[in-house]
Amino acid sequence: GPAAIKISNDSKEFGELSKEQKEDLRKLLREAASLLNGIRVQESLEKIIEAESIVSNFAPLYNLKGAAYTKIRDFDKAQTAFEKAILLDPKAVMTKFNLLEMHFVKKNYSLADKEFSKFLSLNKDLPGPTKALVEYKILICNLKQGNDSDVKEIIKNFDYLDDHPAFYYSNAAIHFNKREPIKANSWLKAASKIYKPSINDVYSDSLIESGWLENIE
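Here the structure is a predicted model, which is why all the values come from computation and not from measurement. (Residues numbered from 1 in each chain as written. Predicted model: local features only at pLDDT ≥ 70, side-chain atom pairs only at ≥ 80, totals over all residues. Heavy atoms only, no water.)

(A) The arrangement of the packing of aromatic side chains in detail. In total, this model carries twelve aromatic pairs according to the counting rule given. Considering the side-chain rings of Phe-167 and Tyr-168, the 5.8 Å spacing of their centres and the 90 degrees angle between planes classify their relative orientation as edge-to-face. Put simply, the rings of Phe-97, Phe-104, Tyr-109, Phe-116 and Phe-119 pair up and form one aromatic cluster. One residue, Lys-22, lies across the ring of Phe-14, its end atom 4.8 Å from the ring centre. We note Lys-137 situated over the ring of Phe-104; from NZ or CZ to the ring centre the distance is 4.8 Å. (Phe/Tyr/Trp six-rings, centres within 6.5 Å; stacked < 30°, edge-to-face > 60°. Lys NZ or Arg CZ within 6 Å of the ring centre and 35° of its normal.)

Okay, here's the thing in structure tokens:
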């Protein structure tokens, strides 16, 4: 409504902020990020909106806002926030990834597949774990489209000694797709013994989005 419009008119460009305002902004965004990690999304959004009243053109703010809306499954608002972040910082690789993820969560698997593949070919120097996560999501897109030969090719990139759980979660996804939940869950159990919960959660999110795993929050 009108209140929201008023806020954005008062907020300044990042370059115009005083040292104190920049400090306030960073503090707010740090608090918002930690609330978001604690699944306290409503409180996180309040901090983000407060930060928006300080600054109008700060990409990390809109990336965080997109992440918050993704958590409450408001994908349209999330997409708008990520698009704004990209406009402000076209080089932000992970924001670009977050934006492409919107196709995946909206179950546009063939589009997600194309866009994720393009993303990998444009960003050759991604960190290993990030690249693996994208490949894993592409594997799920291929399962959803019935492209079994592509699935077999992708899984060759992973193995059980990797420093990320893509091998385990890809095998779980294959079994979920075949309606073999007991086999799938044994792969998830194995991963849970090896990798940190925070890493496993990122991978299980994709299984939840895909409708294979219940969200137990």
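(B) Summary view of the pattern of salt bridges. Summed over all chains, the structure comprises twelve salt bridges. Between Lys-118 and Glu-115 there is a salt bridge, with its nearest N and O atoms 3.8 Å apart. Here Lys-118 and its partner Glu-115 are both found in helix H7 (residues 109-122), three residues apart, which amounts to about one turn of the helix. For Lys-131, the salt bridge identified is with Glu-135, shortest N-O distance 3.4 Å. With Lys-131 and Glu-135 both in helix H8 (residues 128-145) and four residues apart, this pair spans about one turn of that helix. (Salt bridge = Lys/Arg side-chain N within 4 Å of Asp/Glu carboxyl O. Helix = DSSP H or I, 4+ residues; strand = E, 2+ residues; numbered from the N terminus.)

(C) How the structure looks around unusual backbone geometry. For Arg-73, which is not glycine, the phi dihedral falls at a positive 60 degrees. By secondary structure assignment, the location of Arg-73 is in the loop between helix H4 (59-71) and helix H5 (75-88). Residues other than glycine seldom take positive phi values, yet Arg-179 does so here, at roughly 60 degrees. Position of Arg-179 relative to the elements: it lies in the loop between helix H10 (166-177) and helix H11 (181-194). Relative accessible area serves as the criterion here: at 74%, Arg-179 is assigned to the exposed category. (Buried < 20%, exposed > 50% of the residue type's maximum accessible area, 1.4 Å probe, protein only.)

(D) Main features of the nonpolar core. Core analysis: the largest hydrophobic core is formed by 38 residues, its most contacted members being Phe-116, Tyr-136, Phe-158, Phe-176 and Leu-207. Among the secondary structure elements, those contributing two or more residues to this core are helix H6 (93-105), H7, H8, helix H9 (148-155), H10, H11 and helix H12 (197-209). It is H8 that provides the largest number of residues to this core, a total of nine residues. With sequence-adjacent residues up to four places away left out, Tyr-136 is seen in contact with Phe-158, Tyr-169, Ser-170, Tyr-203, Ser-206 and Leu-207. (Core = buried A, V, L, I, M, F, W, Y, C linked by side-chain atoms within 4.5 Å. Contact = heavy atoms within 4.5 Å.)

(E) Expanded view of helix H2 (residues 19-37). Relative to the 27 Å expected for 19 residues at 1.5 Å per residue, H2 spans 27 Å between its end C-alpha atoms, a close match to the ideal helical length. When H2 is considered as a whole, its buried residues turn out to be Leu-25, Leu-28, Leu-29, Ala-32, Leu-35 and Leu-36. The buried residues of H2 occupy an angular sector of 125 degrees when the element is viewed end-on, so they sit on one face. Across H2 from its buried face, at more than 90 degrees, point the exposed residues Lys-19, Glu-20, Arg-30 and Asn-37. The inward-facing, buried residues of H2 abut helix H3 (41-52) and H4. (Expected span 1.5 Å × (residues − 1). Arc of directions from axis to C-beta.)

(F) Structural context of the side chain of Glu-209. Structurally, the position occupied by Glu-209 is in helix H12. In contact with Glu-209, not counting residues within four places along its chain, are Arg-73, Phe-75, Phe-104, Val-105, Lys-107 and Tyr-109.

(G) View of the packing of H5 against H6. Between H5 and H6, the least distance of the axes is 9 Å, while the angle of their chain directions is 155 degrees. In terms of axis orientation, H5 runs roughly antiparallel to H6. In this structure, the crossing between H5 and H6 has a hand that is left-handed. Side by side, H5 and H6 meet where Phe-75, Ala-78, Gln-79, Phe-82, Glu-83, Ala-85 and Ile-86 of the first sit next to Thr-95, Lys-96, Asn-98, Leu-99, Met-102 and Val-105 of the second. (Axes fitted to C-alpha atoms, helices over the stretch in contact; angles between N-to-C directions. Parallel < 35°, antiparallel > 145°, perpendicular 65-115°, else oblique. Left-handed = near helix turned anticlockwise from the far one by under 90°.)

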